[in-house]
Amino acid sequence: MSRKVADLLWEMLANAGVKRCYGIVGDALNPVIDGLRRNGKIEFIHVRHEEYGVFAAVAEAYLTGNPVAVCGTAGPGVVHLFNGLMDARKEGAPVIAIAGDVETKLIDTGALEELNPYKFFEAASLYTGRLVNPEQARAIINTAILTAVTEKGPTVISIPGDIASADAGDQSSEIRIPTAPVFRPSDADLNQLATMIDAANTVAIFGGDGCRDARDEVIELADRLKAPVGYTFRGKQWLEHDNPNAVGMTGLLGYGGAYGAIHDADLLLLLGTDFPFSEFLPGDSVKKVQIDKNPKHIGRRTPVDLGLVGDIKATVTALLRSVSDKTDGRFLNKHVADTKSFHELLQHYVVKGPGIKPVRPEFLAATLSELAADDAMFFVDTGTACIWMARHVFGGRNRRLFGSFSWASMANAAPNAFGAQLAYPGRQTIAMCGDGGFTMLALGDLLTQVERKTPVVQIILNNGSLDFVNIEMQEAGIIPLGVEFKNPNFARVAEAMGATGIRIEEPGDVREGLAAALAHKGGPVVVDVVVDPFALSLPSHVPFHTATGFTLSLAKQVLSGKMDTVIKTIERNVGLI
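Caption draft 1: Quick peek at unusual backbone geometry. Of note, the amide linkage connecting lysine 357 to proline 358 takes the cis form, showing an omega dihedral of 0°. Secondary-structure assignment places proline 358 in the loop between helix H15 (348–351) and helix H16 (361–371). The phi dihedral of glutamate 113 falls on the positive side, at around 70°, and the residue is not glycine. Residues other than glycine seldom take positive phi values, yet lysine 152 does so here, at roughly 55°. With respect to the secondary-structure elements, lysine 152 resides in the loop between helix H7 (137–151) and strand S6 (155–160).

Caption draft 2: Seen up close, the sheet that holds strand S2 (residues 43–46). Taken together, six strands build an open sheet; the order of strands is S2-S1-S3-S4-S6-S5 and the sheet is parallel. Edge strands, defined here as strands with exactly one partner in the open sheet, are S2 and strand S5 (127–130). Between one strand axis and the next, the sheet turns through 20° on average, direction left out of account. The sheet contacts of helix H18 (residues 413–423) involve strand S1 (20–23) and S2, and relative to S1 the element is tilted by about 155°.

Caption draft 3: Highlighting the sheet that holds strand S8 (residues 229–231). Strand order in this open sheet of five strands is S8-S7-S9-S10-S11, and the pairing throughout is parallel. The strands lining the two open edges of the sheet, one partner per strand, are S8 and strand S11 (306–309). Ignoring strand direction, the axes of neighbouring strands in this sheet form an average angle of 20°. Contacting strand S7 (203–207), S8 and strand S9 (267–271), helix H10 (residues 215–225) crosses the sheet at an angle of about 165° to S7.

Caption draft 4: Fine view of the packing of H16 against helix H22 (residues 510–519). One way to put it is that H16 packs onto H22 with a least axis distance of 10 Å and a crossing angle of 45°. As the angle between them shows, H16 and H22 are arranged oblique. Considering how the two elements wind past one another, H16 and H22 form a crossing that is right-handed. Along its contact with H16, which presents Phe363, Leu364, Thr367, Leu368, Glu370 and Leu371, the element H22 presents Val510, Arg511, Leu514, Ala515 and Leu518.

Caption draft 5: Quick peek at the pattern of salt bridges. Using the criterion set out here, one finds 29 salt bridges in the structure. A salt bridge links arginine 176 to glutamate 174, with the nearest nitrogen and oxygen atoms 3.3 Å apart. According to the relative accessible area criterion, arginine 176 is exposed, its value standing at 62%. Looking at glutamate 174, the relative accessible area reads 53%, which means it is exposed. Ionic pairing is found between aspartate 528 and arginine 503, a salt bridge with its closest N-O pair at 2.5 Å. With a gap of 25 residues between them, aspartate 528 in strand S17 (residues 525–530) and arginine 503 in strand S16 (residues 500–504) connect regions that are remote in the sequence.

Caption draft 6: The confidence of the model for the protein, seen in detail. This prediction gives the protein a mean pLDDT of 92; 91% of its residues lie at or above 70. Ignoring residues within four places in sequence, the model shows residues 550–570, a span with pLDDT below 50, making 31 contacts including any to other chains.

Caption draft 7: Inspection of the packing of helix H1 (residues 5–15) against H7 at higher detail. It is at 10 Å that the axes of H1 and H7 come closest, and there the two elements cross at 30°. Regarding the angle of H1 to H7, the classification is roughly parallel. In this structure, H1 crosses over H7, and the sense of that crossing is right-handed. Along its contact with H1, which presents Val5, Leu8, Leu9, Met12 and Leu13, the element H7 presents Ala137, Arg138, Ile141, Asn142 and Ile145.

Caption draft 8: Spotlight on helix H2 (residues 30–39). What H2 keeps buried is the set Val32, Ile33, Gly35, Leu36 and Asn39. One side of H2 carries all its buried residues, which in axial view fall inside an arc of 150°. Once H2 finishes, glycine 40 follows within two positions and takes phi at roughly 75°, a positive value.

Caption draft 9: Looking closely at the side chain of threonine 429. Relative to the assigned elements, threonine 429 resides in strand S14 (residues 429–434). Since its relative accessible area comes to 1%, threonine 429 is described here as buried. Polar side-chain contacts of threonine 429 include one of 2.8 Å to the backbone oxygen of arginine 427. Residues contacting threonine 429, with those up to four places away along its chain left out, are Met377, Phe379, Ala417, Ala420, Gln421, Pro455, Val456 and Val457.

Caption draft 10: Representation of the state of the cysteines. Applying the stated criterion across every chain yields a total of zero disulfides. No disulfide involves cysteine 71; its sulfur sits 3.8 Å from the nearest other cysteine sulfur, which is in cysteine 21. Cysteine cysteine 386 is unpaired, with the sulfur of cysteine 433 as its nearest cysteine sulfur at 12 Å. For cysteine 386, a relative accessible area of 9% gives the class buried.

Caption draft 11: Layout of the environment of leucine 190. With respect to the helices, strands and loops of the structure, leucine 190 is situated in helix H9 (residues 187–199). Residues leucine 190 and leucine 320, 130 residues apart in the sequence, show an inter-C-alpha distance of 10.0 Å. When near neighbours in sequence (up to four residues on either side) are disregarded, leucine 190 contacts Arg184, Pro185, Thr315, Ala318 and Leu319.

Caption draft 12: View of the nonpolar core. Counting residues in each nonpolar core, the largest one holds 122 residues, and the members touching the most others are Leu85, Leu269 and Val527. Here the element with the most residues in this core is helix H3 (residues 50–64); it accounts for 10 residues. If near-sequence neighbours (up to four positions away) are discounted, leucine 85 is found in contact with Val54, Val70, Val95, Ala97, Phe121, Ala124, Pro154 and Val156.

Caption draft 13: Just the environment of aspartate 213, in detail. For aspartate 213, the location among the structural elements is in the loop between S7 and H10. For aspartate 213, a relative accessible area of 58% corresponds to the exposed category. Note: C-alpha distance between aspartate 213 and valine 304 (91 residues apart in sequence) is 24 Å.

Scoring rules and cut-offs
Residues numbered from 1 in each chain as written. Predicted model: local features only at pLDDT ≥ 70, side-chain atom pairs only at ≥ 80, totals over all residues. Heavy atoms only, no water. Helix = DSSP H or I, 4+ residues; strand = E, 2+ residues; numbered from the N terminus. Pairing = 2+ DSSP bridges. Axes fitted to C-alpha atoms, helices over the stretch in contact; angles between N-to-C directions. Contact = heavy atoms within 4.5 Å. Parallel < 35°, antiparallel > 145°, perpendicular 65-115°, else oblique. Left-handed = near helix turned anticlockwise from the far one by under 90°. Salt bridge = Lys/Arg side-chain N within 4 Å of Asp/Glu carboxyl O. Buried < 20%, exposed > 50% of the residue type's maximum accessible area, 1.4 Å probe, protein only. pLDDT = per-residue confidence, 0-100. Arc of directions from axis to C-beta. Polar contact = N/O pair within 3.5 Å; in protein donor to acceptor, adjacent residues only side chain to side chain. Disulfide = S-S within 2.5 Å. Core = buried A, V, L, I, M, F, W, Y, C linked by side-chain atoms within 4.5 Å.

Here it is as structure tokens:
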């Protein structure tokens, strides 16, 4: 049998390091999948929903750094890929989507399941190629792979079935992926930065995911400058652990002394962060320098006095050769002390947790962090689960913390954890799921985990509501509406589907239940924890509009007859119990 374009596609993907393809087969995609079968080097992961597959691929690609493939058939299948590809773009994950397409003779005729891949994927894809001639194949596949790997993001190859089945001829399947270049600002720019640092009495650092490969260099710089180090949610896993200068996070998830440190410093170094909440960043009273490998990030969240384009590791390594050490540690000590004080405050419901019912989520998350392995991988759904992980789950050199931090999609945690477990078999993999997110996407593909016997621990924060949306509405002074729903007993549902189910209603059962879940082997576990629906967490710094919004919302709820809700919210969050 002659070599088909589909064969060339999978040969090139395998040569680029792709080990898995997540998706659902179907009509337009069938010739492509037949090529995957013939290839035999890439594992096909059949999921119940394409979006679940993409979220799994995002986690695998982000954590390993290797490209991962996803696929969906023409029309509806392709559409289901979009949300996960947006997440891949925001989180910087090299995901390559194989999109089924109508036959070439039907293109632009309004055929069943036809869509224009260029227009549809414009926002999500760094590169979209549509194969309409077999002679394009090598060039388009090569471009899609290299773009995904070198620019760290999603690309799309749209391929009609008749092209996938066409003869590929002698087109080469070899692909050369270049190593990452040394990428830093010029010596003149670094000298200007060093001069600004030397002239500042106090310096603070605020780092993001761009510090991923530069943890040691950033901490060394902070030590020499006596600089407190704050971090974004994406930067937490790199800059928090074993860092004596760590002062926590700012923003609505904020804790510790980060807000004060970055606002009180003479000079703020923004390292590898595109932190989107400008209201939590300092104004003109603080000089700011931003360093990022993406020039589009420079100055778009807050005006900066100096913007430098470069990789954080290479840039800080060069900078360390030219900055002078600072000796006055009072600024650092103040904000580290503030962080310690705030951390002690955070322990209120952790310490009291064993005696409070319903289960406080702070107690749940802190216990989970304590019991989990040193190399555990944590995944979190968008919502209040992010608050509890940010504040009570601690990272480590070999721990990983991941979520839809920049796209903020619902329902990502369980599929993220599934993809990570396939990439790192047997490693402790934990998903902190909102009940809304779990029922939205994770429940159906629990069957996929059961089928593959993947030991993923899914912990559901069962509070019967979209809790973070509830908080957002109150911040805006709105009486919450449409945020409550009725849940089943998730443990029993899990058991019916072939998984292990654990139901925790009593705070005294939290430690034993989590320990049993973490020790389970041979398949997925669903831990259904009935948590306090009135648990509330405010950031270390509360913007005026947030405080007034809460006040207004509570007043409106009293006037509308929801006095019981207001009383319970106050009782559960001001230390009265």
